[in-house]
Each structure stands twice: as C-alpha cells, then as structure tokens.
Amino acid sequence: MGPAAPQRTQLGTVRGTALPPALRMHRLLLLSSLWLLAAPPASSIFQRPTGSPAPPHLQYLLEPLHTTVHTQRGATATLPCVLRALPRNYRVKWSKLEPANYRESIILITNGLYHKNYGPLSPRVRLRHSHRYDASLTITDVALEDEGRYRCQLVNGLEDESVSLTLHLEGVVFPYQPSNGRYKFNYHEAKRACEQQDSRLATYQQLYKAWTEGLDWCNAGWILDGTVHYPIINSREPCGGRLLLPGVRTYGARDKQKDRFDAFCFTSALQGQVYFIRAHLNFKEAGQACRNHGAAIAKVGQLYSAWKFSQLDRCDGGWLADGSVRYPITTPRERCGGLPDPGVRSFGFPSKELRTYGTYCFVGK
C-alpha cells in the first residue's frame, strides 16, 4: 500500500511535507488576492461624495422637478409647491430668506381654505391654487428685490417639512462709482446709489455669474450681503499681481459704516424704452430735451438694461441722470472706442455746464 495522501493544515504547509519558502510566499499572495476579491468593499474605500447631506424624505410635499425658476423684472413667476396628501389641521407657510440681514421673512400662510399675506410682497403675491393640493406661490410684476431663496413649509405639528426654491432674475451686473472718484461709498451709500440708478446691490451669485461672462474690474465694491469683492479675468500687477489666478477676489465682510469702496449694481429687463437724442447739449439742456419728448433722462441701470436686453448699440456718448456720459456697444468696432468686447463705455463725469453731448432718454410703458 502506498503512502497516505498528505493532509492540509495551516496555510503554507502540508502535513508531512514542508514547502519551500518561495512557494509558501506565492501561495500567501494568491490567497490574499482571492480574499480581497471576495470581500465586500470597505466604506473607507467606496464613499459617497462629501457635501451637503441628502434632504430628509418628504411625506406630504412633492419634490419639485426644478428648484430654480428663471424670470425677468416685470414678469409673473410661480414657485411650485404641491402636496401629495392633505394632513389634518395643516398650514403652509411661504417665506423668503433675506441675505442682507440674515432673516427669514414670512410672505403668506394658508390652511387650504383661507390665506393671509404679509410684508412688502403682500400686494403682489397669491396662491396659484389650480387644485386642492396646489400651494404654489405666484408673484406678479417681479421686482429686482424679489430675487433670492424661498421656502414652502408644511406646518403639521411634529411632522413639519419644507422645500426650498430659488427665483433667478436674468440681468446684468455693472460697477458703479460716484463723480468724486473711487472708494467713496460706505455700504448704505452704495445701496442707495444703486437704487437711484434703477438697480440694486448685486448678490454674490450675480457677481460670480457676471465674472464667468467676462466682467473684469480692478476696483473692489460692496455687494448685498455687506461683503466686498472684485472680479478679475486677466491677472495683472495693479489688481493683486500676475501670480494670482483669475477669480472673484474678496475682502470679506467690512464695516458698513466706516469702510469705503465702490458698488456692484444689478439690474434686469426694462418696462420701457431707452433712446438717443443727437444734439449738442449741456447737462441741464439734456434733461429738458428728454422732458420735451415726454420722457426722462435715462439712469445708468436703464442704459445697461437696454444694452443687455434690447441690444442698444450707439457710438455716441450721451448724458445720463447721474451726470455721467456713456454709450452702449454690442458690436465692437475700431471707431467706437476700439475695445474688443461689447459693453457700456464711459467718458466719466464731464463738466455739466461746459461740455456738450447728446442724451439718452427713458420712457416707461
């Protein structure tokens, strides 16, 4: 009878037979590889992308298909909020998040049968209510200050839940400084200056979008949340140096009373028309010429809006309401400033009495 077959014991040896060291190592590597293939993936290797946690499951509210609603000034916009079921004794509360003062302002509260409006939006908001599950909010005559984040909250005791939506206005951001030079505005003066020019202080999102579309400006300016930034496309020595990458550079939050910068203003579509009167007029005569046509001398924001939305293109400098002289170019050409990109060009703030130009007028609808 021949010898009994060898019996396997621990890894790397066979009873009665010692394996050479090289073969033992080969077998260890092989079995380790098979174990890795068979083992379930470890959480430390296969992780979910980091970031905001997934929103909690909604029991009563339907998740909106699109969380951003695009609109323009003067339009009617609807923010969707639809219930999948009607709990007992519920309320729906609409509110707006205000970045300038970090508050949440209530707009409307409804119990499905009755509703009450609150705040400055009150005259322009209503429930769409196309069916009994529909709690969508409709805003009429959309204004510049309506842009931002809104929340539709179902209030139902311990089972409160909400969806967030963003109202986005199509528009244009422009830098603004007064006639006495740069860095003259504190925050409140910058806010007022933008409003006087048919615009408002831009949000960071609006400034960032403008930078992605080509806004390149070396002077820092206030934005709506009280921080100060400047957008740079072409890095250069006077604007932080050549070594810094392009981007929206920031000074962070500043003292709203003491610190002084320029402003970044935002405006949207016009409810009216900007047109040019060719003449040789001083500033006072320019205002009168517009009034003779039943119009008013145009504001800076109105000229930017006409350039952006109506493709206004003129090679003629004209007076504006703030005493500046500007002209809008949509098709760049050599004899109109020679710059390669479209934009609103500026002659600054000439003498209102001694210099003469045409004028840009605005007439509302």
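Scroll up to find the structure.
One structure accompanies this document, and this report is about it. Values in this document were obtained by computation on a predicted structure and should not be read as measured data.

Let's talk about unusual backbone geometry
Working step 1: Despite not being glycine, asparagine 89 has its phi angle at roughly 55 degrees, a positive value.
Working step 2: Within the secondary structure layout, asparagine 89 lies in the loop between β4 (77–79) and β5 (91–98).
Working step 3: Using a relative accessible area of 76% as the deciding quantity, one classes asparagine 89 as exposed.
Working step 4: Of note in the backbone geometry, aspartate 141 takes a positive phi value of approximately 50 degrees without being a glycine.
Working step 5: A relative accessible area of 46% means that aspartate 141 is categorised as partly exposed.

So, the sheet that holds strand β10 (residues 148–155)
Two modes of strand pairing occur in sheets, parallel and antiparallel, and in both the strands are linked by backbone hydrogen bonds.
Working step 1: With mixed pairing, the six strands of this open sheet are ordered in space as β3-β11-β10-β5-β6-β7. Whereas interior strands pair on both sides, the edge strands pair on one side only; in this sheet they are β3 (68–71) and β7 (115–117). For this sheet, the mean inter-axis angle between neighbouring strands, taken without regard to orientation, is 25 degrees.
Working step 2: Both β5 and β10 contribute to a ladder of seven bridges, which runs antiparallel. Each bridged residue has a counterpart across the sheet, and for lysine 93 the counterpart in β10 is glutamine 153.

Some remarks on the pattern of salt bridges
Working step 1: Per the counting criterion, the structure on display carries 15 salt bridges.
Working step 2: The salt bridge partner of arginine 254 is aspartate 259, with a shortest N-O separation of 3.6 Å.
Working step 3: Among the residues examined, arginine 254 registers a relative accessible area of 35% and is labelled partly exposed.
Working step 4: Using a relative accessible area of 23% as the deciding quantity, one classes aspartate 259 as partly exposed.
Working step 5: A salt bridge links aspartate 316 to arginine 278; the nearest nitrogen and oxygen atoms lie 3.1 Å apart. Taken together, the residues span a long stretch of sequence, with aspartate 316 in the loop between α5 (300–309) and β20 (318–319) and arginine 278 in strand β18 (residues 272–281) at a distance of 38 residues.
Working step 6: Of the residues examined, aspartate 316 reaches a relative accessible area of 18% and is grouped as buried.
Working step 7: Among the charged side chains, a network of salt bridges with common partners joins Arg278, Arg314 and Asp316.

Here we look at the nonpolar core
The tendency in soluble globular proteins is for nonpolar side chains to be buried as a group.
Working step 1: Leu79, Trp94, Ile139 and Leu167 are the most contacted members of the largest nonpolar core, which has 38 residues in total.
Working step 2: Top element by residues in this core is strand β11 (residues 161–169). It accounts for four residues.
Working step 3: Sequence-distant contacts of leucine 167, defined by excluding residues within four places in its chain, comprise Val69, Thr71, Ala77, Leu79, Ile139, Val142, Asp146, Glu147, Gly148 and Tyr150.
Working step 4: Ile232, Ala298, Trp307 and Tyr360 belong to the second-largest nonpolar core, a separate cluster that totals 36 residues.

Thoughts on the pairing of β10
Along any regular strand, the residues point their side chains to alternate faces of the sheet.
Working step 1: Among the eight residues in β10, six count as buried, and that is most of the element.
Working step 2: One ladder, built from seven bridges, connects β10 with β11; its direction is antiparallel. Each residue of the ladder has a partner; that of cysteine 152, found in β11, is valine 163.
Working step 3: Count of turn residues in the β10/β11 antiparallel hairpin: five residues, of which glycine 157 carries a positive phi of about 70 degrees.

Some details on the side chain of aspartate 322
Working step 1: By the secondary structure assignment, aspartate 322 is in the loop between β20 and β21 (325–329).
Working step 2: Within the local environment of aspartate 322, its side chain forms a polar contact with the side chain of tyrosine 176, the two groups lying 2.7 Å apart.
Working step 3: There is a polar contact of 2.6 Å between the side chain of aspartate 322 and the side chain of serine 324.
Working step 4: Aspartate 322 has contacts with Tyr176, Gln197, Val300 and Phe349, leaving out every residue within four places of it along the chain.

Quick word on the sheet that holds strand β8 (residues 125–127)
Working step 1: Taken in spatial order, the three strands of this open sheet run β4-β9-β8, and their pairing is antiparallel. Strands with a single pairing partner mark the edges of an open sheet, and in this sheet they are β4 and β8. Taken over all neighbouring pairs, the strand axes of this sheet differ in orientation by 25 degrees on average, direction set aside.
Working step 2: Pairing of β4 with strand β9 (residues 137–139), which is carried by three bridges, proceeds in the antiparallel orientation. Residue pairing in the sheet places threonine 78 in a bridge with threonine 138 of β9.

Thoughts on helix α2 (residues 187–196)
Working step 1: Residues of α2 that are buried include every one of Tyr187, Ala190, Ala193 and Cys194, and no others. End-on, the buried residues of α2 take up no more than an arc of 125 degrees, which puts them together on one face.
Working step 2: Buried residues in α2 make contact with β12 (171–176), β13 (200–201), β14 (221–222) and β17 (262–268).
Working step 3: Its side-chain oxygen at 3.1 Å from the backbone nitrogen of histidine 188, asparagine 186 defines the N-terminal cap of α2.

Describing the state of the cysteines
Working step 1: Taken as a whole, this structure holds five disulfides when the rule is applied.
Working step 2: A disulfide bridge connects cysteine 81 with cysteine 152, and the sulfur atoms are separated by 2.0 Å. Here the disulfide of cysteine 81 and cysteine 152 is left-handed, its torsion about the S-S bond being about -65 degrees. Placement of the pair is cysteine 81 in the loop between β4 and β5 and cysteine 152 in strand β10, with a sequence separation of 71 residues. In this structure, cysteine 81 and cysteine 152 share a single accessibility class: buried.
Working step 3: Sequence-ordered numbering of the bonded cysteines in the chain gives a disulfide pattern of 1-2, 3-6, 4-5, 7-10, 8-9.

Conventions adopted
Residues numbered from 1 in each chain as written. Predicted model: local features only at pLDDT ≥ 70, side-chain atom pairs only at ≥ 80, totals over all residues. Heavy atoms only, no water. Helix = DSSP H or I, 4+ residues; strand = E, 2+ residues; numbered from the N terminus. Buried < 20%, exposed > 50% of the residue type's maximum accessible area, 1.4 Å probe, protein only. Pairing = 2+ DSSP bridges. Axes fitted to C-alpha atoms, helices over the stretch in contact; angles between N-to-C directions. Salt bridge = Lys/Arg side-chain N within 4 Å of Asp/Glu carboxyl O. Core = buried A, V, L, I, M, F, W, Y, C linked by side-chain atoms within 4.5 Å. Contact = heavy atoms within 4.5 Å. Polar contact = N/O pair within 3.5 Å; in protein donor to acceptor, adjacent residues only side chain to side chain. Arc of directions from axis to C-beta. Disulfide = S-S within 2.5 Å.

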